[in-house]
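An overview of the molecular structure
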Amino acid sequence: MIASRHRSAKSPSHAANGSHANRIRWTDVIATGEGAWIVTSLLERTQPDVQYQRPAIATKAQALHDFSDRHHTDSVNHARVSFVGVATNHFTAKMVTPKTARLQTFQPITTPTTRLNRTLPTTKTDMNTAATATDLPTYCTQTAKNAKKASAQLATLDTAIKNRWLNESADALVGAVDRIVAANAKDLEAAPGYGLSDAAIDRLRLDQTRIEAIASALREIAMLPDPVGEVLDGFTRPGGLQIIKKRVPLGVVFFIYESRPNVTADAAAICVKSGNAVILRGGKEAIHSSQAIVELMCETAEQCGLPQHAVQLVNTTDRAAVGEFLSLGELIDVAIPRGGEGLIRRVAAEATMPVIKHYDGNCHVYVDETADLEMAAKIIENAKCQRMGVCNACESLVIHQAVAAKSLPLIAEKLAQHSVEIRADERAQKHLTDCKPATEEDWGTEYLGPTISVAVVDSIDEAIEHINRYSSHHTEAIVTNTLAAAEKFTGGIDSSAVMVNASTRFNDGGVFGLGAEIGISTDKFHARGPCGLRELTTYKYIVKGDGHIRT
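This structure is a prediction, so every number in the text was calculated from the model and none was measured.

Details of the confidence of the model for the protein
Scored by pLDDT, the protein has a mean of 79; 75% of the residues are at 70 or more. pLDDT under 50 marks residues 1–133. Its contacts with residues more than four places away, or in other chains, come to 254 contacts.

Okay, structure coming up:
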């Protein structure tokens, strides 16, 4: 693929010229083997300081989708959209292939805030009906309003109803294996066109065993205690006022995630069990699988008496929808992104509501001078190699200089069995036969693959300082035989979870007994570490008096 871009400078002569002021012109050209997309867009400001309400994002994405819908083309697999700004009041799109050329004229843009209307597909996945022909902002706003209404009903919904829904949804998923596998086959067929790796395609794949595992996760959540209504504290003031601190749901959760269809069921289950309505925005790579799963869960929801719109799956893969939802802070109570660092940083930057997140997982294992070295080698092998592409995998080793000569050859032997490349500082290199010199960048890198950094330190204090400087504050571990070292390390490390003589891979909601987690947070406010049912709640005070008035 070849891409080029040109942006013309704004003309000073138009700085205060009414509708012709500050015209923005740009050209993106992206060609593929199938041809090229050329979309001409007319976008202009009426005043120098007026900002568009997302027209650049929405118009670009929607024009491409609308064009592909009308001409039955696969715009994702065959081409990308390009824009050429012009000083006219319309825009056109053209698809050029070796054999054909078509021209489509769209709705005119009459004001800077007008947005292109396009038809959004309707599915059962919104627990009711969505508008069949509406613009994207209206669709997103209505979806959020529906969720807000449902959240008020979920807040007081009986636990037995929620548990019944979870168990019956589990049965429905197992009973519809063929239906889900057929939908999943469509995603698998399209996966290579999205550039997914073999590992990513494997995570996308569903079969009877994996569907049964999804169902088992729902049943496990049903067995967990319902956090809603739990009394956290209670006391009576000298004047007789009774004060109760009680756990309540957050409200509406906007959950953005990538191409793992099992996460669809997990997120829906954990949100509803904790009394929250959820808007699910999954990746396009798993759209058919997610739709099949949510449709089944919605069918059982209606039978069990759950509120309408308790679970909604965003029924467009348009990336502009994410931005629209993130602007609805008055309707959505929290956003939770789960995926790559780019996605999470975008959500954190654009969200108008709190975000529960972690950017990456640069996790460390420190081998103390008193460590059992065989134990250390086994823990490091598991932490790094059991699954390399996950956020709680070990990416960095810190070794006490007193045990570096003996421990590093043992560790290197274990890692070599998994073809892991070691990037070491000068002191570590003396004890390794096959490694590369580490750079400053290596100390803070989340590799998500067969690479690991190694640093040698003189003391546990230096280890703590190194880790706190370069860590992403996700998970760290110490291997030691002394309680004093363990307590010093766990007290000094600033991360969401600290392991003692255990693999970093144990930082997981299921392992912690929280059920299917909705994510892991490295923030310090509200939630930190694996986020289960309790992390999707807050609290309120209930004050009971007997005609009390304040004087």
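Next comes the rest of the account.
Focus on unusual backbone geometry
If you check the backbone angles, histidine 309 has positive phi at about 70° while not being a glycine. Mapped onto the elements of the fold, histidine 309 is located in the loop between α9 (287–304) and β11 (311–313). By relative accessible area, which is 7% here, histidine 309 ends up buried. Its identity as a non-glycine residue notwithstanding, asparagine 501 has a phi of 55°, on the positive side. Along the chain, asparagine 501 falls in the loop between β19 (497–500) and β20 (519–521). The exposure class of asparagine 501 is partly exposed, given its relative accessible area of 30%.

Focus: the nonpolar core
Membership of the largest hydrophobic core comes to 77 residues, with the highest contact counts inside it found for Trp165, Phe255, Ile279, Leu280, Phe325, Ile332 and Ile518. Counting residues in hydrophobic clusters, the runner-up holds 32 residues, among them Leu373, Ala404, Leu415 and Ala428.

Here we look at the sheet that holds strand β15 (residues 421–424)
The strand order across the open sheet formed by seven strands is β16-β15-β17-β14-β13-β18-β19, and the pairing between neighbours is parallel. On the outer flanks of this sheet lie β16 (436–437) and β19, each paired with one strand and no other. Set on the sheet, helix α12 (residues 373–385) makes contact with β13 (363–367), β14 (394–400), β17 (451–457) and β18 (475–479); between it and β13 the angle comes to about 170°. Its contacts with the sheet put helix α13 (residues 404–416) on β14, β15 and β17, and the angle it makes with β14 is roughly 155°.

Topic: the side chain of threonine 143
Mapped onto the elements of the fold, threonine 143 is located in helix α3 (residues 136–154). Since its relative accessible area comes to 6%, threonine 143 is described here as buried. Here threonine 143 is in contact with Ile279, Gln312 and Phe325, once residues within four sequence places are set aside.

Concerning the packing of helix α8 (residues 261–273) against α9
Angle between the axes and distance between the axes are the two parameters that describe a pair of packed helices. α9 packs onto α8 with a crossing angle of 30° between their chain directions and a minimal axis gap of 8 Å. In terms of orientation, α8 lies roughly parallel with respect to α9. Note that α8 runs across α9; the crossing there is right-handed. The residues of α9 that touch α8, namely those facing Pro261, Thr264, Ala265, Ala268 and Ala269, are Ser289, Ser290, Ile293, Val294 and Met297. In terms of residue class, the contact of α8 with α9 is built from seven nonpolar, three polar and no charged.

Re the pairing of β13
Along β13, five of the five residues are buried, which leaves the element largely enclosed by surrounding structure. Side chains Cys363, Val365 and Val367 of β13 all project onto a buried face; the interleaved residues His364 and Tyr366 project onto the opposite face, where all are buried too. Across five bridges, β13 lies against β14 in parallel orientation. Of the residues in β14, the one forming a bridge with cysteine 363 is cysteine 394. Handedness of the crossover joining β13 and β14 through α12 is recorded here as right-handed.

Describing the sheet that holds strand β10 (residues 277–281)
Strand order in this open sheet of four strands is β11-β10-β9-β12, and the pairing throughout is parallel. Of all the strands in the sheet, just β11 and β12 (334–338) have a single pairing partner and so form its edges. Put simply, the sheet's adjacent strands are angled 15° from each other on average, direction ignored. In this sheet, β10 lies alongside strand β9 (residues 252–257) in parallel orientation, the contact comprising five bridges. Bridge assignment links valine 253 to a residue of β10, and that residue is valine 278. Against the sheet, α3 contacts β9, β10 and β11, and its axis sits at roughly 145° relative to β10.

Details of the packing of aromatic side chains
By the definition in use, this model includes four aromatic pairs. Look at phenylalanine 254 and phenylalanine 325: their rings are 4.9 Å apart centre to centre, the planes differ by 35°, and that puts the pair in the tilted class. One end of the pair, phenylalanine 254, is in strand β9; the other, phenylalanine 325, is in helix α10 (residues 320–326), and 71 residues separate them in sequence. This pair shows no difference in class: phenylalanine 254 is buried, exactly as phenylalanine 325 is. Here lysine 284 stacks its cationic end above the ring of tyrosine 194, 5.2 Å away from the centre of that ring.

Quick notes on the rules
Residues numbered from 1 in each chain as written. Predicted model: local features only at pLDDT ≥ 70, side-chain atom pairs only at ≥ 80, totals over all residues. Heavy atoms only, no water. pLDDT = per-residue confidence, 0-100. Contact = heavy atoms within 4.5 Å. Helix = DSSP H or I, 4+ residues; strand = E, 2+ residues; numbered from the N terminus. Buried < 20%, exposed > 50% of the residue type's maximum accessible area, 1.4 Å probe, protein only. Core = buried A, V, L, I, M, F, W, Y, C linked by side-chain atoms within 4.5 Å. Pairing = 2+ DSSP bridges. Axes fitted to C-alpha atoms, helices over the stretch in contact; angles between N-to-C directions. Parallel < 35°, antiparallel > 145°, perpendicular 65-115°, else oblique. Left-handed = near helix turned anticlockwise from the far one by under 90°. Nonpolar A, V, L, I, M, F, W, Y, C, P; charged D, E, K, R; others polar. Right-handed = clockwise from strand over helix to strand, strands pointing away. Phe/Tyr/Trp six-rings, centres within 6.5 Å; stacked < 30°, edge-to-face > 60°. Lys NZ or Arg CZ within 6 Å of the ring centre and 35° of its normal.

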